[in-house]
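Architecture at a glance
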Amino acid sequence: MNTFLSMLPGSLMVAAPIIICALGGLLSERSGITNIALEGIMTVGAFVSAALLFYLEKVPGFGSGLGCWVAVLAGAFGGMLFSTLLAIAAIRYKSDQTIAGAALNMLSVALCIYISQILFGHQRTDTFTTGITRIKKVPLLGDIPIIGPLLFQGINPTIYVAVVLVVIVWFVVFKTRFGLRLRSCGENPQASASLGVKVEKIRTIAVLASGFLGGMAGALMVLTTDTQFTASSIHGMGFISLAALIFGKWQPFGALGAGIFFGFAQQLGVYANMIPLLNQLPSEFFHAIPYVITIIALVLFSSKAVGPRAAGQIYDPGQR
Amino acid sequence: METVIEMKGITKQFPGILANDSIDLEVTKGSIHALLGENGAGKSTLMSILFGLIQPDSGNIKINGQEVKITDPNVATRLGIGMVHQHFKLVHNFTVTQNIILGAEPCKQFGIVDLKQGTKKIRELCKSFHLEVDPEALIEDISVGQQQRTEILKMLYREAEILVFDEPTAVLTPQEVEDLMKILRSLAASGKTVVLITHKLKEIKAVADVVTILRRGKVEGTYKVSEINEKEMAAKMVGRQVQFAAHKKAQKAGDTILQVENLTVLDGRGIERVKGISFDLHKGEILGIAGIDGNGQDELVYAITGLLPVKSGRILLNGEDITELPVKNRFEAGLGHVPSDRHRHGLILDFLLKENFIIHAYNSDFAKHGLLDEATINQKADQLIEEFDVRASLGRQTITRNMSGGNQQKAIVAREIDRSPELLIIVQPTRGLDVGAIEYIHSRILEQRENQKAILLVSFELDEILALCDRILVMANGEISGEKKASQTDEKQLGLLMLGHKSGETYDQP
């Protein structure tokens, strides 16, 4: 139990970017565009924020706190800019979404390393010194018995951002006019178009929003778990986010639960040498744990999960 | 009476086909106006032009006396024109209400959808037009008839004054057809104008006031329905006299081809849909399976053709047990299948027509050394297109998806009858076909019978069953509720059996 409790803050810190990125995937897929480029979008977001933070730290006033959040926002916009490529390829030019996404994933790492080489003279950014750190105690909430110490003391604030975003995305997707149209585009775009819904416009907005959230997730990830951007900063977290999206059955709160689950799985790799029995195993095994758990979870649960019907299909207005 | 739609000199050329050849059409407000024509006569093209889906090459349109340019469906909607498409455009996991309000949502502040208000308005519409559908039900949970009502409500919700129905009865059961006819009448009675695209003469007689007959892209004439009979309509539509009753020669059934013994079949969800059925089918015999849609006919056919596994019982073809055989071996053992769902099982929609004609030729008739033999394939395709009058704009090179439903159906029937299998299983062979095509396909089915082939015919059309079959089995609830000789029964008796009344057995012959 104590091991479990000590794993909690770390797990939530890892979970936050997974949840936020999965929300991005949710918006995109609910509109009918499969977004496997999330891995690349996270990479770009991570690079932009890490690079910017390095420079911001030299500017007076941005040294602590503020600089990080400015960098996160910049990472989000970086991801959004990068996702326009997917929107152009998949929506404007109706290319295959999976192939376009895969191409963007390859492009992202190459692009970020290339720019790093120009800016910093090596294939990674220089190290930043601040980063987003844990909050000692959240005012008021931290004083609640039991829950307070558990969830509002010594926790990285990124998880709070994630939870707020979950609520916002849920509200937009299930309560608003835009959400209703978004979901209809992901299920039966011909039906939406026949009622005057502009399918391409809705999908473009959804892909850009997905880029924004993906970029933010990448930024949060690098600013909480690393001190610089490298080619392996994201190491498959974009794909794990997609797994969380499927595992969470394309529901915002599902993504929240799945994200926390995968966060624990990731932490288990770190804590395994402290858990009896598990610590007998070689260390390579622990590094594999998160991915093995991901695969097992997906095999067990995703067979019944049904995603948006039109996701991944090229939209042809004339199709019957 | 006021003219609400006036189309003048509408012409539309598609590659290889003149779909509309200077068509004139006038529709009076508050009437039910039928558009009658064969498959491919240009009815749907004309209405797609009215609805803004297609732009005409020439001609003009007046709505309520005003000349208009209908550039896309949104313009049509603004002009008060609504269309119920043959293939519904519904989101399967949305509720009825969500589907209806989509694109015209009632909102509170911040763009929050006001579902309550939408549901309320829809309930009111349901009430005033006698449409029975639950606004809160999910589309995937309701019947096809209710889905169609949802489509009608979409138009009423947008205050459409002109409602176009594209072959609305093609997908309905007889009971649902009757309900629809009532709905159409109540729409017209409340001052709405209804345009009904159809090739079913009975329906025109039942509800329409005026009929415009199209043939090969041209207007053949416009008539008051009260002043023209079915035979005349059919002759004008096809361009020759049509034989309504199929000619069935008396002949003796031969050896047993198909034996079904105590067959029990579960559907995909594990529900028992066929409950211990047994029957025989002989050479030179047509055995009909009558019944209301969804009483186990699909599962019975899937089991015989190998698309669903059998839970218990046996299927023998020519004395050989085929219960466990894969589909391919069954075809090779002499089975042919015209499936009910042509999109799911009959055709690959994105293939060319000629490819669909040879898609299941497992033997190497159409290939040499593993390479497709284009010349032979083309020859076969042209032969079938010619023989069965399959109309496709680019001939054998047409992408199947772009063909009309009736012509897709003809293509499947052509392919299967041409193979001339020992046992031909045909489900709804004339669904969506016009009288001319029905006549031809019926004659080809009877020809198979004369050639001593065995035919299992599943149909919801009792006319068809009575005209073609030697024996009729009625299915109700997965069981056979009665077996009759076609010459010794009638629609009324079969209707009772279809409802599961075993009392049909004691029905007195008139």
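Residues numbered from 1 in each chain as written. Chains lettered and ligands numbered in written order. Predicted model: local features only at pLDDT ≥ 70, side-chain atom pairs only at ≥ 80, totals over all residues. Heavy atoms only, no water.

Details of the overall build of chain A
- Looking only at helices and strands, chain A has 12 helices and two strands in total.
- Counted from the first residue to the last, chain A has its helices and strands arranged as α-α-α-α-β-α-β-α-α-α-α-α-α-α.
- Its C-alpha atoms give chain A a radius of gyration of 20 Å, within 12% of the compact-globule value 20 Å for 320 residues.
- Projecting the C-alpha coordinates of chain A onto the three principal axes gives extents of approximately 60 × 45 × 45 Å.
- Taking all 320 residues of chain A together, the buried fraction comes to 52%.
- Counting only contacts in chain A whose residues sit at least 6 apart along the sequence, the fraction spanning at least 24 positions is 77%.
- Carbon and sulfur atoms make up 70% of the accessible area of chain A, which amounts to about 14000 Å² in all. (Helix = DSSP H or I, 4+ residues; strand = E, 2+ residues; numbered from the N terminus. Rg over C-alpha atoms; globule rule 2.2 N^0.38 Å. Buried < 20%, exposed > 50% of the residue type's maximum accessible area, 1.4 Å probe, protein only. Contact = heavy atoms within 4.5 Å. Areas by Shrake-Rupley, 256 points an atom, 1.4 Å probe, with all protein chains shown as cover.)

Observations regarding the interface of chain A and chain B
- Contact with chain A, which involves 20 residues of that partner, is made by 26 residues of chain B.
- In total, about 2100 Å² of surface goes out of reach between chain A and chain B, with carbon and sulfur atoms giving 57% of it.
- Scanning the region where chain A abuts chain B turns up one salt bridge.
- A salt bridge links Arg181 of chain A to Glu105 of chain B; the nearest nitrogen and oxygen atoms lie 2.7 Å apart.
- Secondary-structure elements contributing two or more residues to the side of chain A that touches chain B are helix H6 (158-175), helix H7 (177-187) and helix H8 (189-194) of chain A.
- Per-element accounting of the side of chain A that touches chain B gives the leading share, six residues, to H7 of chain A.
- Here the side of chain A that touches chain B is composed, by residue class, of five nonpolar, eight polar and seven charged. (Buried area = accessible area lost by both parts, 1.4 Å probe. Salt bridge = Lys/Arg side-chain N within 4 Å of Asp/Glu carboxyl O. Nonpolar A, V, L, I, M, F, W, Y, C, P; charged D, E, K, R; others polar.)

A closer look at the pairing of strand S11 (residues 256-266) of chain B
Residues and elements named next belong to chain B.
- Note: S11 against strand S12 (residues 272-282), seven bridges, orientation antiparallel. Bridge pairing in S12 places Leu258 opposite Leu281.
- Hairpin connection, S11 to S12: the antiparallel pair is bridged by five residues, and Gly270 has positive phi, about 85°.
- Where S11 meets strand S14 (residues 312-317), five bridges bridge the pair, whose relative direction is antiparallel. What sits directly across from Glu261, in S14, is Arg314. (Pairing = 2+ DSSP bridges.)

Notes on the domain arrangement of chain B
Residues and elements named next belong to chain B.
- Per the domain assignment, the segments making up chain B are domain 1 (3-238), domain 2 (254-334 + 421-510) and domain 3 (344-420).
- Contacts between domain 1 and domain 3 engage six residues on the former and seven residues on the latter.
- Of the roughly 570 Å² buried at the junction of domain 1 and domain 3 (both faces included), carbon and sulfur atoms supply 45%.
- The three residues of domain 1 that bury the most area against domain 3 are Pro15, Asn39 and Arg216, which together make up 63% of that side's buried surface.
- Counting every contact that joins domain 1 to domain 3 gives one salt bridge.
- Linking domain 1 to domain 3 there are zero residue pairs in polar contact (both at pLDDT 80 or more). (Domains from an automatic or database assignment. Polar contact = N/O pair within 3.5 Å; in protein donor to acceptor, adjacent residues only side chain to side chain.)

A look at the sheet that holds strand S3 (residues 32-37) of chain B
Residues and elements named next belong to chain B.
- Taken in spatial order, the six strands of this open sheet run S6-S7-S8-S3-S9-S10, and their pairing is mixed. Strands with a single pairing partner mark the edges of an open sheet, and in this sheet they are strand S6 (81-84) and strand S10 (218-224). Strand-to-strand twist across the sheet, computed as the mean angle between neighbouring axes with direction ignored, equals 20°.
- Summarising the sheet, strand S7 (residues 162-166) and strand S8 (residues 193-198) pair through five bridges and their orientation is parallel. If you follow Val164 over to S8, its bridge partner there is Val195.
- Sheet strands in contact with helix H6 (residues 174-189) are S3, S7 and S8, and its direction is about 160° off that of S7.
- Packed on one face of the sheet, helix H8 (residues 230-238) meets S3, strand S9 (210-215) and S10 and runs near 30° to S9. (Axes fitted to C-alpha atoms, helices over the stretch in contact; angles between N-to-C directions.)

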